[in-house]
Amino acid sequence: MTDGFMGPPWQADWRIDALAILGTLPDHARELALAARAELVTAKDPCFRGIDADAGLPEGMWVVPVRSTDPKGRQVCFFDHGNGWLKYTFVRRTEDPQIVVEEVFWQEAEPLTLPPAAE
C-alpha cells in the first residue's frame, strides 16, 4: 500500500443487479456502457467537479451529480448521447478508493420520423 491517497486507475465494482442488467444489453450498448466505465476508472476525479471537468470525455458522454447539493455523492454518467446511463458512487478511501456502479440503463433511440409532406 501507499502512504498517500491513490490515484487512477481506480478499482471498480458492479452491484449484482447492475451487472445482470449489463448482461442483457445488446452488444453495442454493452460496449458503450463498458467504455463509459473505462472513462470513469481512468478519470483524475471520478466526480467530475469544477468547470468543464468532464470536457475530456468522449462525445455523447457527460457526468453530473444526482443531487447538486452533494457533488461528492452519487453520480450519473450519461453515454450514447443520453440514451444510457451508469449511476455510481466513488468511495474515497485512502487505502482502497473504489467506484461502485449501482445502476445501468440504456434505451435505444427512436428514429426521427418527419410528418408527411403537404401536397
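Residues numbered from 1 in each chain as written. Predicted model: local features only at pLDDT ≥ 70, side-chain atom pairs only at ≥ 80, totals over all residues. Heavy atoms only, no water.

Asks: Before we move on, could you go through the pattern of salt bridges and cite the residues and values that matter?
Replies: If you walk through the whole model with that rule in mind, you get 5 salt bridges. Taking the shortest distance from any N to any O, the salt bridge between Asp-17 and Arg-15 comes out at 2.7 Å. Using a relative accessible area of 41% as the deciding quantity, one classes Arg-15 as partly exposed. Across the pair Glu-103 and Lys-87 runs a salt bridge whose closest N-O atoms are separated by 3.9 Å. One end of the pair, Glu-103, is in strand 5 (residues 98-106); the other, Lys-87, is in strand 4 (residues 84-91), with 16 residues separating them in the sequence. For Glu-103, a relative accessible area of 26% puts it in the partly exposed group. With a relative accessible area of 22%, Lys-87 lands in the partly exposed category. (Salt bridge = Lys/Arg side-chain N within 4 Å of Asp/Glu carboxyl O. Buried < 20%, exposed > 50% of the residue type's maximum accessible area, 1.4 Å probe, protein only. Helix = DSSP H or I, 4+ residues; strand = E, 2+ residues; numbered from the N terminus.)

Asks: Would you mind going over the sheet that holds strand 2 (residues 62-65) in detail, with residue names and values included?
Replies: One open sheet holds the 5 strands; their spatial order is 1-5-4-3-2, and the pairing between them is mixed. At either end of the open sheet lies a strand with only one pairing partner, and these are strand 1 (11-14) and strand 2. The sheet shows a mean angle of 30° between the axes of neighbouring strands, taken without regard to direction. Across the sheet, helix 1 (residues 16-24) is in contact with strand 1 and strand 5; its angle to strand 5 comes to roughly 45°. Helix 2 (residues 27-42) rests against strand 1, strand 2, strand 3 (75-79), strand 4 and strand 5 of the sheet, and its axis sits at about 135° to strand 3. (Pairing = 2+ DSSP bridges. Axes fitted to C-alpha atoms, helices over the stretch in contact; angles between N-to-C directions. Contact = heavy atoms within 4.5 Å.)

Asks: Can you break down the pairing of strand 5 residue by residue, with the values?
Replies: Most of strand 5 is tucked away, with 7 of its 9 residues classed as buried. Here strand 1 pairs with strand 5 via 4 bridges, running parallel. The residue bridging Trp-14 from the neighbouring strand is Val-101, located in strand 5.

Asks: An account of the packing of aromatic side chains is needed here, citing residue identities and associated values.
Replies: What characterises a pair of aromatic rings is the spacing of the ring centres plus the angle enclosed by the ring planes. What the rule picks out here adds up to 4 aromatic pairs. Taking 4.8 Å as the distance between ring centres and 70° as the angle between the ring planes, the aromatic pair formed by Trp-10 and Phe-90 counts as edge-to-face. Taken as a pair, Trp-10 in the segment before strand 1 and Phe-90 in strand 4 lie far apart in primary sequence, 80 residues in all. Residue Trp-10 is classed as buried on the basis of its relative accessible area of 7%. Centroid distance Trp-85 to Phe-105: 4.4 Å. Interplanar angle 25°. Geometry classified as stacked. On the criterion of sequence distance, the pair formed by Trp-85 in strand 4 and Phe-105 in strand 5 is long-range, its members being 20 residues apart. (Phe/Tyr/Trp six-rings, centres within 6.5 Å; stacked < 30°, edge-to-face > 60°.)

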